[in-house]
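# Architecture at a glance
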Amino acid sequence: MLLEICRNGRVAVKNKGDTTLNYVIPLTQWISQDLTWCNSHLRKAGTAIDNIDEDFRNGLKLMLLLEVISGETLPKPDRGKMRFHKIANVNKALDFIASKGVKLVSIGAEEIVDGNLKMTLGMIWTIILRFAIQDISVEEMTAKEGLLLWCQRKTAPYKNVNVQNFHLSFKDGLAFCALIHRHRPDLIDYHKLSKDNPLQNLNTAFDVAEKYLDIPRMLDPEGEAYRRKWCNHTNNECIRDIMITVWLTGENKHNLLVNIFVKSDLINTPKPDERAIMTYVSCYYHAFQGAHQVKIQQQVTLRTLRSLAETAANRICKVLKVNQDNERLMEEYERLASDVSIDFVAHTMLLDWIKKTMPWLKNRQTDNSLSGVQKKLEEYRTYRRKHKPPRVEQKAKLETNFNTLQTKLRLSNRPAYMPTEGKMISDIANAWKGLETAEKSFEEWLLSEMMRLERLEHLAQKFKHKADIHEDWTRGKEEMLQSSDYRQCKLNELKALKKKHEAFESDLAAHQDRVEQIAAIAQELNALEYHDSVSVNTRCQRICDQWDRLGSLTGRRKQALNDAEKILEKIDILHLEFAKRAAPFNNWLDGTREDLVDMFIVHTMEEIQGLIDAHNQFKATLGEADKEYNSIVSLVNEVETTVQKHQIPGGLANPYTTLTASDMTKKWTEVKHLVPQRDTTLQAELRKQQNNEMLRRQFAEKANQVGPWIEHQMDAVTSIGMGLQGSLEDQLHRLKEYEQAVYAYKPHIEELEKIHQAIQEGMIFENRYTHYTMETLRVGWEQLLTSINRNINEVENQILTRDSKGITQDQLNEFRASFNHFDKNRTGRLTPEEFKSCLVSLGYSIGKDRQGEIDFQRILAIVDANSTGYVHFDAFLDFMTRETTDTDTAEQVIDSFRILAGDKPYILADELRRELPPDQAEYCIHRMPPYKGPNSAPGALDYMSFSTALYGESDL
């Protein structure tokens, strides 16, 4: 047979030595189908090829393809990238093909490495012949005849199907559908198919085979896919310019045409290609023959029919009782996960409660007042004390029931229980973890918000106090500066007015710092988003505007006095001296009074001690201030003496200042009264901080006892849970003793909660005497309770496994010792590699080849049904007991029912009531489906379907 790849990108097929053209094949169609067949096998090894003449050049994927389709292992390939490495790998593959009795003609490793498309396609067809078609054997016929006979036998019962060949018989698609329906009737409804709709029949068969049988779509009903591929390659110079000739020689090679991949247009072609359909049908043959299962039935021989019936009845009672218990546990789990009733949210789901609680914990909106935040803090305390503890108990009970149920299902050889969607233990655990994170964040936010609002209130009061003092000082100043009194004054009066104005300027400059302080406080209140910032800004703006006006008015009045100075000259030295000294002293008095009544906020002993030390330093300066006061008052006394002596009219009025000796005396007296009051206030705050320090020490002392106790208990429980101490009963007894001790220790936690509440009420935000916080102690306490409950549940399940499987304590100790030996981190679980090492140490043989890995993955799927990536001890123990003990199977239960039914394929209700206890007999009667087989009696029940359902997927 001659095969030519022409310039127009098509393959011409001729007889050798003949110029007659048999037919023309699109090259892209040939390559595409070849590529599809190779990838259908390569994807089993997790890989694929994109270019058939490039991806096989290094020989690696060619060797992998041969290993997959043959099931054998080829020699180890060379991993180098040099040409001789590639040739060596391809030669290994060609040697393997030759070892299977295949003669390769004109196909060498160099051509494959060089990307020779002709030789590569010829090699692939040779592989298909050897491993996909020649292995088919039916009644010692040839591959083609045997495959045709197999198709005829399988499709014989089907209407409109008459398989006589591999071209026209498959053109309408019904033969493909019949083959699938014969082996997998659940995939195709054959009776709805019509011979008049071949396109739908072919697409149905090809789609189902590709999706459910892992058979690639090698054929196309109308060839549209290949026409599209051909259009995409018509401009490919690499195809149009190729002209190659393929000679296939040797015995019968002229009959094995390479056009196996041509004429995929089944509908529009008068005679579809026979070898393309034969190759595709061979995939059906291998798929269905490989899926055949052989049932192994155990022969039961008993002495008497009655003893057989008793054994069967006991077995059925045992199975039904286990199934009933499991159903009750499932219903209890669903009820606990779905319908709970507590005070906080009645009759709601646990997950719904968490979802409803999360928005409240994430809400960060307040009325921006200290009282509002304190109210939120009290609500959070109520939530922690009353609403959450019942939910913690409920969550623990859910986990315990779920673990017990799964253990019983494994022990009874039942499928693992899968809760309904949204009720998985992982769903509840994830939601619970999010809840705890939100709680911590919410409490931290409350405390920081209280600190911020407390500072805001302090700043607001400070702003009001300073603004009141400033407004008192400025009251009447504008009217005074706008007055024209100097126009009617005498010289001495004018001089007095000028000096008075100079004193006022000095006083005005002294008040500049106060105005700046008021503006700075207002700016800080705005930055901290004070709730009444509007009124603060209004008042601050009013003060600043007034201050600007005072400055302007002061400058104009000074200019007016300077203009009048040329006319009026007389200065009263005593009044001027009084004004100069009284003004700063008065300013000092005002500042001192302000400081003595200034509010403060402290949180530590160091801060209050610093204030006390500063106050003591201030008191040390009172002596000098008293001297200054007496000196200023002596000036006034001297003025009075001079006026009385010289009878100066109006001489007592000081023209330079509005301050008087009485004002100074009043303020000085007030300062002397404020000093002891300040002492009292500071001492009261000192006592408060001392009390806070005592609370810190009390909490630290108690926390430093409770924290290590919890950690010690946790370590002890973990040690018991590792099975390192005594028998299972001893472990269970010690765990329950620890449980009682933990509950007896709860008053210490409650005492800590009371101290913690007093600390929060005292606005104490840090404690340098301990690294424990109430939150960490709460979490540790809850984790300890959870660990004890989980370990008790695991030990009880181990006892149940040991007793139900009849394993000895020595066997159990051996299993535990092996498990613990490979559990290096003492986590109570093994990784897959650790589990494999543990099995090997127990004498379990696991090969290092591909089959050994497959066997290990099968075992791993049993012990890690949920694919968590870890093997827990209870699953490990269950697997080991299965390997050493016998368990009931569906076939044994069916044989038991058959004995009760007298070898009939069905059983009657009266026979069940006669042989089984009443409750289990009624359970079977209500659960067994009616028997639909031939020659059935009225009321016949199908015990086979019922028994199968007990060990497979079912609503039971």
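Reading guide: rules and limits
Residues numbered from 1 in each chain as written. Predicted model: local features only at pLDDT ≥ 70, side-chain atom pairs only at ≥ 80, totals over all residues. Heavy atoms only, no water. Helix = DSSP H or I, 4+ residues; strand = E, 2+ residues; numbered from the N terminus. Buried < 20%, exposed > 50% of the residue type's maximum accessible area, 1.4 Å probe, protein only. Areas by Shrake-Rupley, 256 points an atom, 1.4 Å probe, with all protein chains shown as cover. Core = buried A, V, L, I, M, F, W, Y, C linked by side-chain atoms within 4.5 Å. Contact = heavy atoms within 4.5 Å. 1 Å grid on protein atoms, 1.4 Å probe; cavity = no way out; pocket = protein on both sides within 12 Å on 5 of 7 lines; lining within 4 Å. Points joined across faces, edges and corners; volume = space filled by probe spheres on them. Nonpolar A, V, L, I, M, F, W, Y, C, P; charged D, E, K, R; others polar. Phe/Tyr/Trp six-rings, centres within 6.5 Å; stacked < 30°, edge-to-face > 60°. Lys NZ or Arg CZ within 6 Å of the ring centre and 35° of its normal. Axes fitted to C-alpha atoms, helices over the stretch in contact; angles between N-to-C directions. Parallel < 35°, antiparallel > 145°, perpendicular 65-115°, else oblique. Left-handed = near helix turned anticlockwise from the far one by under 90°. Expected span 1.5 Å × (residues − 1). Bend = angle between axes of the 7 residues up to and from the residue. Salt bridge = Lys/Arg side-chain N within 4 Å of Asp/Glu carboxyl O. Disulfide = S-S within 2.5 Å. Polar contact = N/O pair within 3.5 Å; in protein donor to acceptor, adjacent residues only side chain to side chain. pLDDT = per-residue confidence, 0-100.

### Comments concerning the overall build of the protein chain
Across its full length, the protein chain carries 34 helices and six strands. For the protein chain, with 956 residues in total, the buried portion stands at 46%. Put simply, the protein chain shows about 49700 Å² of open surface, and 51% of that area lies on carbon and sulfur atoms.

### Some points on the nonpolar core
Among the nonpolar cores identified, the biggest contains 74 residues, and Ile127, Phe170, Phe176, Ile180 and Tyr284 are the most heavily contacted of them. Looking at this core element by element, the count peaks at ten residues for helix α5 (residues 117-133). Setting aside residues no more than four positions away along its own chain, Tyr284 makes contact with Trp150, Phe176, Leu179, Ile180, Ala205, Ala209 and Ile215. Membership of the second largest hydrophobic core comes to 51 residues, among which are Met714, Val871, Phe873 and Phe879.

### Observations regarding empty space enclosed by the protein
If you walk through the whole model with that rule in mind, you get four cavities of 30 Å³ or more. If you trace the second largest cavity, you find it lined by Thr407, Arg410, Leu411, Asn797, Gln798, Thr801, Asp874, Leu877 and Asp878. Of all elements in the fold, only α14 (370-411), α26 (774-805) and α30 (873-884) reach the threshold of two or more residues within the lining of the second largest cavity. Of the residues in the lining of the second largest cavity, the class split is two nonpolar, four polar and three charged.

### Things to note about the side chain of His458
Mapped onto the elements of the fold, His458 is located in helix α15 (residues 425-474). The class of His458 is buried, set by a relative accessible area of 16%. Among residues more than four places away in sequence, those in contact with His458 are Met599 and Phe600.

### As for the packing of aromatic side chains
In this structure the tally under the stated criterion is 23 aromatic pairs. Among the aromatic residues, those joined into a ring-pair cluster are Phe166, Phe170, Phe176, Phe206, Tyr280, Tyr284 and Phe288. The ring of Trp473 has Lys477 lying over it, and the distance from NZ or CZ to the ring centre is 4.9 Å.

### Digging into the layout of surface pockets
Approximately 940 Å³ is the volume found for the second largest pocket. If you go around the second largest pocket, you meet 31 residues; those closest to its centre are Arg384, Pro389, Lys746, Trp781 and Glu782. Counting only elements with at least two residues in the lining of the second largest pocket, the list comes to α14, α24 (728-744), α25 (746-761) and α26. Considering each element in turn, the lining of the second largest pocket owes the most residues, eleven residues, to α14. Split into classes, the residues belonging to the lining of the second largest pocket amount to nine nonpolar, seven polar and 15 charged.

### Notes on the packing of helix α2 (residues 60-70) against helix α3 (residues 83-99)
Helix-helix packing: each pair is described by the crossing angle between the helix axes and the interaxial distance. Where α2 contacts α3, the axes come no closer than 8 Å and their chain directions differ by 25 degrees. By the angle between their directions, the pair α2 and α3 is classed as roughly parallel. Relative to α3, the crossing made by α2 is left-handed. Together, Leu60, Leu62, Met63, Leu66 and Ser70 of α2 and Asn89, Val90, Lys92, Ala93, Phe96 and Ile97 of α3 make up the contact between the two elements.

### Comments concerning helix α20 (residues 573-596)
With 24 residues, α20 extends 34 Å from end C-alpha to end C-alpha; this agrees with the ideal 34 Å at 1.5 Å per step. Roughly 25 degrees is the biggest bend found in α20, and it falls at Ala582, with proline Pro584 one to four residues downstream.

### Looking at unusual backbone geometry
Phi is positive for Asn160, close to 70 degrees, though the residue is something other than glycine. With respect to the secondary-structure elements, Asn160 resides in the loop between α6 (143-155) and α7 (174-183). For Asp903, which is not a glycine, the phi torsion comes out positive at approximately 65 degrees. Mapped onto the fold, Asp903 is located in the loop between α31 (890-900) and α32 (909-915). Owing to a relative accessible area of 63%, Asp903 belongs among the exposed residues under this scheme.

### Looking at the pattern of salt bridges
Pairing is possible between side chains that carry opposite charge, provided their charged atoms lie close to one another. Across all of its chains, the model carries 40 salt bridges by this definition. Arg898 is the partner of Asp895 in a salt bridge, and the nearest nitrogen-oxygen pair spans 2.7 Å. A residue pair is termed a helical-turn pair when its members lie 3 or 4 positions apart in one helix, as Asp895 and Arg898 do in helix α31 at three residues. Assessed through its relative accessible area of 26%, Arg898 is described here as partly exposed. In this structure, Glu922 engages Arg913 in a salt bridge whose closest nitrogen and oxygen atoms are separated by 2.9 Å. Taken together, the shared-partner salt bridges in this structure form one network comprising Lys464, Asp468, Glu471, Arg539 and Arg542.

### Quick notes on the side chain of Glu274
Relative to the elements of secondary structure, Glu274 occurs in helix α11 (residues 274-290). Under the relative-accessibility criterion, Glu274 is labelled buried at 18%.

### Considering α7
Where burial is concerned, most of α7 is hidden: eight out of the ten residues are buried. When we look at burial in α7, the residues that qualify are Leu174, Ala175, Phe176, Cys177, Ala178, Leu179, Ile180 and His181.

### Description of the packing of α31 against helix α34 (residues 943-950)
As a packed pair, α31 and α34 sit with axes 9 Å apart at the nearest point and diverge in direction by 150 degrees. Here α31 is positioned roughly antiparallel relative to α34, judged by the angle of their axes. Seen along the crossing, α31 lies across α34 with a hand that is right-handed. Between α31 and α34, the residues in contact are Ala890, Val893, Ile894, Phe897 and Arg898 and Tyr943, Met944, Phe946, Ser947 and Thr948, respectively. Of the residues contributing to the contact of α31 with α34, the split by class is seven nonpolar, two polar and one charged.

### Quick word on the environment of Phe96
Assignment of secondary structure puts Phe96 in helix α3. In this structure Phe96 comes out as buried when scored by relative accessible area, which is 9%.

### Observations regarding the environment of Gly173
Mapped onto the secondary structure, Gly173 falls in the loop between α6 and α7. For Gly173, a relative accessible area of 0% gives the class buried. Along the backbone, Gly173 and Val161 are twelve residues apart, and their C-alpha atoms lie at a distance of 9.3 Å. With residues up to four places along the chain from it excluded, the contact list for Gly173 reads Asn201 and Leu202.

### Focus on the state of the cysteines
Under the counting rule described, the total for this entry stands at zero disulfides. The closest cysteine sulfur to the non-disulfide-bonded Cys540 is located on Cys544, 4.1 Å from its own sulfur. For Cys540, a relative accessible area of 10% gives the class buried.

### Topic: the environment of Lys388
Within the fold, Lys388 resides in helix α14. For Lys388, a relative accessible area of 2% translates into the label buried. In this view, Lys388 contacts Trp353, Tyr383, Trp432, Glu436, Glu439 and Glu782; residues no more than four positions away in its chain are not counted. There is a polar contact of 2.9 Å between the side chain of Lys388 and the side chain of Glu439.

### Comments concerning the confidence of the model for the protein chain
Here the protein chain averages 76 in pLDDT, and 81% of its residues register 70 or above. Per-element averaging of pLDDT across the protein chain places strand β4 (residues 244-247) at the bottom with 31 and α7 at the top with 90. Between residues 224-264, whose pLDDT stays under 50, and residues either more than four places distant or in other chains, the model counts 107 contacts. Below a pLDDT of 50 lies the segment residues 567-571, which in the model reaches 16 contacts outside its immediate sequence neighbourhood of four places, other chains included.

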